[in-house]
Amino acid sequence: MSVIPMTETARIYREGTDIIPPHPGSNWTRFVCISDTHSRTFPIPTGDVLLHAGDLSSWGSLSQLIITVEWLKSLNHPVKIMVAGNHDLCLDEKWARSIYGFLPEEVQQARTYVRSQAAAGLYYIEHEPFRFMLHSGREWKVYGSPAAPLYAQGSFQYETTDEARVIYNRIPKDTDILITHTPPFMTLDTTSKGKHAGCHVLSNKLAELRNCRLHVFGHIHECAGAQINTYDPFRLVDSVSVNAAMAMTKKAIVVDLLN
């Protein structure tokens, strides 16, 4: 079993579905983190909460999106939360124009579809907070955003620092769990060319989120991994960062947090 560094309140496992230890008990919450599945399905470990950090579809069509959503619905995690990414064109209202190949009614159909899966315990969030309570009685405060800096053509992208500030200033300060598609700058964001592709503004915002226990993102496939952040002595709690992109690793990352 390979376990990357743990603390008294956080444990991370990233070696696949068959060597993860049993759930540590009712005083802990097990988060299963995935991203960038691109209309493919994978074996996923069990847990209390499944978090998908975007790029649900391969190239943004509703039919590709449905493959992923129906797969997520079939998983037995009591709570499943997803955001979109830059590949999920049919969920971005800015793409609801015929010149992009999407009619407004098609985009509306896709958006209605992802918003109507609560009966299966699957929730789509987009620049908004979400709260849930587990059987243990622990309430978790989540915020999700599909945004990412401009990279070629894609959905939910921003070009300027001012645009980024508007997006990330909406994150409540009491957020426990943050899900974004983009990584923050200098955190699990190194491309194959050695460039740090994460967002500076998001990185600065994270420094203000003193209660944030877990940040899950994806986007940069080649830098998938996880870390416990121990460098900030002013943090109120241990913080875990997860690049959960599965496109190359084909493995989820499991994070256990003490309630």
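Scope of this entry: the structure provided in the associated data block.

Across its full length, the protein holds four helices and 15 strands. Over its C-alpha trace the protein gives a radius of gyration of 17 Å, about what one expects of a compact globule, namely 18 Å for 259 residues. Here the C-alpha coordinates of the protein stretch approximately 55 × 40 × 35 Å along the principal axes. Considering only contacts within the protein whose residues lie at least 6 apart along the sequence, 67% involve residues at least 24 apart. As displayed, the protein offers around 11600 Å² of accessible surface, 52% of which is attributable to carbon and sulfur atoms. A gap of 3 Å separates the mean positions of the 24 positive and 26 negative side-chain charges of the protein.

A large share of strand 14 (residues 239–243) lies buried, amounting to five of its five residues. Of the two faces of strand 14, both are covered, the one formed by Ser239, Ser241 and Asn243 as well as the one formed by Val240 and Val242. Pairing geometry for strand 12 (residues 214–217) and strand 14, over four bridges, is parallel. Looking at the pairing, Phe217 lines up with Asn243 of strand 14. Two elements, strand 13 (residues 225–229) and strand 14, share five bridges in a ladder whose sense is antiparallel. Bridge assignment links Ala226 to a residue of strand 14, and that residue is Val242.

Moving on, we come to the layout of surface pockets. By rolling a water-sized probe across the atoms, one finds the places where empty space is left. Each pocket or cavity is described by its volume, and for the largest pocket that value is around 710 Å³. Taken together, 24 residues make up the lining of the largest pocket; nearest its centre are Asn86, Tyr151, Ala152, His219 and Ile220. Space inside the second largest pocket adds up to approximately 390 Å³. Along the walls of the second largest pocket sit 16 residues, with Asp92, Lys94, Gly154, Phe156 and Gln157 positioned nearest its centre. Looking at the lining of the second largest pocket, the elements with two or more residues in it are strand 10 (157–158) and helix 3 (161–168). In terms of residue class, the lining of the second largest pocket is made up of seven nonpolar, four polar and five charged.

Here the focus is the side chain of His77. In this structure, His77 sits in the loop between helix 1 (62–74) and strand 5 (79–82). Excluding anything up to four places from it in sequence, His77 contacts Val32, Ile44, Pro45, Thr46, Gly47, Asp48, Val49 and Leu50.

A word on the nonpolar core. Counting residues in hydrophobic clusters, the biggest one holds 32 residues, and the most contacted among them are Ile34, Ile44, Leu65, Leu72, Met82, Leu91 and Val114. At the level of secondary structure, the elements contributing two or more residues to this core comprise strand 3 (28–34), helix 1, helix 2 (104–114) and strand 6 (122–124). Looking at which element gives the most residues to this core, the answer is helix 1, with five residues. Apart from residues no more than four positions distant in its own chain, Met82 is found in contact with His52, Leu56, Val69, Leu72, Val114, Leu122, Tyr123, Tyr124 and Ile125. Core analysis: the next-biggest nonpolar cluster, separate from the first, contains 28 residues, Val83, Phe130, Ile177 and Ala244 among them.

Attention shifts here to the sheet that holds strand 14. The pairing of strands in a sheet comes from backbone hydrogen bonds and takes either a parallel or an antiparallel form. The strand order across the open sheet built from six strands is 7-8-11-12-14-13, with neighbouring strands paired in mixed fashion. The sheet is open, and its two edges are formed by strand 7 (128–133) and strand 13, each paired on a single side. Between one strand axis and the next, the sheet turns by 15° as a mean value, whatever way the strands run. As judged from the six bridges shared by strand 7 and strand 8 (residues 139–145), these two strands associate in the antiparallel manner. Among the inter-strand pairings, Met133 is bridged to a residue of strand 8, identified as Glu139.

Taken as a whole and assessed by the stated rule, the structure comprises 11 salt bridges. Notably, a salt bridge pairs Arg138 with Asp176, separated by 3.7 Å at the nearest N-O pair. With Arg138 in the loop between strand 7 and strand 8 and Asp176 in the loop between helix 3 and strand 11 (177–180), this pair connects stretches of sequence that are 38 residues apart. Its relative accessible area of 9% is what places Asp176 among the buried residues. Overlapping salt bridges bring together Arg131, Glu139, Lys141 and Asp174 as one network.

Conventions we followed
Residues numbered from 1 in each chain as written. Predicted model: local features only at pLDDT ≥ 70, side-chain atom pairs only at ≥ 80, totals over all residues. Heavy atoms only, no water. Helix = DSSP H or I, 4+ residues; strand = E, 2+ residues; numbered from the N terminus. Rg over C-alpha atoms; globule rule 2.2 N^0.38 Å. Contact = heavy atoms within 4.5 Å. Areas by Shrake-Rupley, 256 points an atom, 1.4 Å probe, with all protein chains shown as cover. Lys, Arg positive; Asp, Glu negative; His and termini not counted. Charge placed at Lys NZ, Arg CZ, Asp CG, Glu CD. Buried < 20%, exposed > 50% of the residue type's maximum accessible area, 1.4 Å probe, protein only. Pairing = 2+ DSSP bridges. 1 Å grid on protein atoms, 1.4 Å probe; cavity = no way out; pocket = protein on both sides within 12 Å on 5 of 7 lines; lining within 4 Å. Points joined across faces, edges and corners; volume = space filled by probe spheres on them. Nonpolar A, V, L, I, M, F, W, Y, C, P; charged D, E, K, R; others polar. Core = buried A, V, L, I, M, F, W, Y, C linked by side-chain atoms within 4.5 Å. Axes fitted to C-alpha atoms, helices over the stretch in contact; angles between N-to-C directions. Salt bridge = Lys/Arg side-chain N within 4 Å of Asp/Glu carboxyl O.

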